[in-house]
Amino acid sequence: EKGTYPHFMLKEIDEQPFVMRNIIQKYQNEDGGLRIDADIREAVKTSDRIYIIAAGTSYHAGLVGKQLVEKLANRPVEVHISSEFLYNMPLLSENPLFIFISQSGETADSRGVLVEVKKQGHKALTITNVPGSTLSREADFTLHTYAGPEIAVASTKAYTAQIAVFAILAVDVARSAGIELDFDPLQELGIVANAMEVLTAQKEEMEKVARDFLSVTRNAFFIGRAADYFVVVEGALKLKEISYIQAEGFAGGELKHGTIALIEEGTPVFALATQEHVNLSIRGNAQEVEARGAHVCTISMEGMNEPEDQIVLPRVHEHLTALASVIPMQLISYYAALHRECDVDKPRNLAKSVTVE
Ligand code: F6R
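This structure is a prediction, so every number in the text was calculated from the model and none was measured.

The rules behind each value
- Residues numbered from 1 in each chain as written.
- Predicted model: local features only at pLDDT ≥ 70, side-chain atom pairs only at ≥ 80, totals over all residues.
- Heavy atoms only, no water.
- Helix = DSSP H or I, 4+ residues; strand = E, 2+ residues; numbered from the N terminus.
- Rg over C-alpha atoms; globule rule 2.2 N^0.38 Å.
- Buried < 20%, exposed > 50% of the residue type's maximum accessible area, 1.4 Å probe, protein only.
- Areas by Shrake-Rupley, 256 points an atom, 1.4 Å probe, with all protein chains shown as cover.
- Lys, Arg positive; Asp, Glu negative; His and termini not counted.
- Charge placed at Lys NZ, Arg CZ, Asp CG, Glu CD.
- Disulfide = S-S within 2.5 Å.
- Phe/Tyr/Trp six-rings, centres within 6.5 Å; stacked < 30°, edge-to-face > 60°.
- Pairing = 2+ DSSP bridges.
- Salt bridge = Lys/Arg side-chain N within 4 Å of Asp/Glu carboxyl O.
- Near = heavy atom within 4 Å.
- Polar contact = N/O pair within 3.5 Å; in protein donor to acceptor, adjacent residues only side chain to side chain.
- Nonpolar A, V, L, I, M, F, W, Y, C, P; charged D, E, K, R; others polar.
- Contact = heavy atoms within 4.5 Å.

## A few points about the overall build of the chain
Thinking step 1. In terms of helices and strands, the chain carries 13 helices and ten strands.
Thinking step 2. For 357 residues, the compact-globule estimate of 2.2 N^0.38 gives 21 Å, and the C-alpha radius of gyration of the chain, at 20 Å, lies within 12% of that figure.
Thinking step 3. Counting only C-alpha atoms, the chain reaches 55 × 45 × 45 Å along its principal axes.
Thinking step 4. Sorting the 357 residues of the chain into buried and exposed places 59% on the buried side.
Thinking step 5. Entry remark: accessible area of the chain is about 14,900 Å², with carbon and sulfur atoms responsible for 47%.
Thinking step 6. Computed over 33 positive and 49 negative side-chain charges, the inter-centroid distance for the chain is 3 Å.

Structure, rendered in structure tokens:
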């Protein structure tokens, strides 16, 4: 039920701090350690390469998940779009583990891949919000994202939950492999939950950004570098699917290789700057488009912010910045859609679970 909320999407955006805390609780052992099935840990540890398979927003969570597993657990990961995987099949390693990410657990494109890789005798883990769903039943293992039912077609809390579960899985594998980490995922997710609470309370500010930047435009661009790149593609998807504004997310350095041709007077560009090592270069990209007339909205993080930044995220661990930076993008998309009188919860032409290939 929506309760006092005008839309499920807004309710689900607001639920994200609680989802983080729920995940912390569900994945915590009595002794304070992580609760991950030994079988799952072993499957990750014994595989020589992980193949993440997913669609849409879940694919975007996979891009962040890859970074977490590679940086924390030191294991190689590839991420693939499910609808393309069987046609553009990569050369598989000797002992692959497939990880399917799916909110619904019913996405036919992903299931097609699961059926094929099971036929080939490979192991599969499904990270889903619906245990008992097709992808969960047909895989060898399941990790539950505990986000609660997601009703709005545009995925919000499922995305952040998927990333949180990846952080926990990656650290569990790292610890069991004896890798020393200066990163306690449960503690850091607690900090994320607080940051999400701060951000979801800034609805008026987000609504104003949507009004100032998106009320009349036909298109919008999102740029980011390093880990921010993976979040801007999600920001662009969110905006296009519910507001019908044509949006594109790409790497800041790619601008000059083509897209900068589209920048005109007033074109909105959202620049995400949460990564210390690329802060100067992404701000340089923002200046390049601004000099050509773009209307730049910068989303940065405490500690690296500049006075002119429109949105400043509370500081969270550098591995988990996606969990904070996606919140303003979700809210800005929501308000842009609202201002344009779009059907926020049920955008045209889209279905909540896509059960056809
Ligand atoms: C976007 C969105 C879709 C889904 C995609 C995969 O907001 O909801 O892109 O993420 O259809 O769905 P699941 O995760 O259910 O496999």
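## A closer look at the state of the cysteines
Thinking step 1. Scanning the model with the defined rule gives zero disulfides in all.
Thinking step 2. There is no disulfide at Cys297, and the cysteine sulfur nearest it, in Cys342, is 19 Å away.

## Points about the packing of aromatic side chains
Thinking step 1. Under the counting rule described, the total for this entry stands at nine aromatic pairs.
Thinking step 2. Seen from their ring centres, Phe98 and Phe100 are 6.4 Å apart, and the 25° between their planes marks the pair as stacked. Phe100 carries the same exposure label as Phe98, and that label is buried.
Thinking step 3. With centroids separated by 5.6 Å and ring planes inclined at 40°, the aromatic side chains of Tyr229 and Phe230 adopt a geometry described as tilted.
Thinking step 4. Tyr229 sits in the partly exposed class, given a relative accessible area of 33%.
Thinking step 5. Among the residues examined, Phe230 registers a relative accessible area of 15% and is labelled buried.

## Here's the deal with the pairing of strand β3 (residues 96-102)
Thinking step 1. Burial within β3 is extensive, with seven of its seven residues counted as buried.
Thinking step 2. Burial of β3 is two-sided: the residues Pro96, Phe98, Phe100 and Ser102 facing one way and the residues Leu97, Ile99 and Ile101 facing the other way are all buried.
Thinking step 3. With five bridges connecting them, strand β1 (residues 49-54) and β3 associate as parallel partners. Paired with Ile53 across the strands is Phe100, a residue of β3.
Thinking step 4. Here β3 runs beside strand β4 (residues 123-128); their pairing, made up of six bridges, is parallel. Across the sheet, Leu97 pairs through a bridge with Lys123, a residue of β4.

## Looking at the pattern of salt bridges
Thinking step 1. Counting across every chain of the model gives 18 salt bridges.
Thinking step 2. Here Glu197 makes a salt bridge to Arg21, at a shortest N to O gap of 3.0 Å. Of this pair, Glu197 sits in helix α9 (residues 185-200) while Arg21 sits in helix α2 (residues 16-26), and the two are 176 residues apart along the sequence.
Thinking step 3. Classification of Glu197 as partly exposed rests on a relative accessible area of 34%.
Thinking step 4. Here Arg21 falls in the partly exposed class, since its relative accessible area comes to 30%.
Thinking step 5. One salt bridge in this structure joins Glu78 and Arg49, with 3.0 Å as the shortest N-O distance.

## Remarks on the site of the ligand
Thinking step 1. Taken together, 13 residues form the shell around the ligand, and within it Ser58, Ser102, Ser104, Thr107 and Glu241 come nearest.
Thinking step 2. With respect to the ligand, the side chain of Ser58 contributes an N or O atom lying 2.6 Å from an oxygen atom.
Thinking step 3. Contact distances for the ligand include 2.5 Å between an oxygen atom and a side-chain N or O atom of Thr107.
Thinking step 4. Here the ligand loses 89% of its free accessible area of 410 Å² to cover by the protein chains.
Thinking step 5. Secondary structure elements with two or more residues in the shell around the ligand: α4 (56-73) and α11 (227-243).
Thinking step 6. Per-element tally for the shell around the ligand: the top contributor is α4, with three residues.
Thinking step 7. Looking at the shell around the ligand, its residues break down into three nonpolar, eight polar and two charged.

## Quick word on the side chain of Thr134
Thinking step 1. The topology assignment puts Thr134 in helix α7 (residues 134-138).
Thinking step 2. With near-sequence residues (within four places) excluded, Thr134 lies in contact with Gly105, Glu106 and Arg111.

## Here's the deal with the side chain of Ser300
Thinking step 1. As for its placement among the helices and strands, Ser300 is situated in strand β9 (residues 295-301).
Thinking step 2. Take Ser300: its relative accessible area is 0%, and that puts it in the buried class.
Thinking step 3. Looking at Ser300, its side chain comes within polar contact range of the side chain of Asp309, at 2.6 Å.
Thinking step 4. Once residues lying within four places of it in the same chain are set aside, the contact partners of Ser300 are Ala273, Arg283, Asn305, Asp309, Ile311, Val312 and Leu313.

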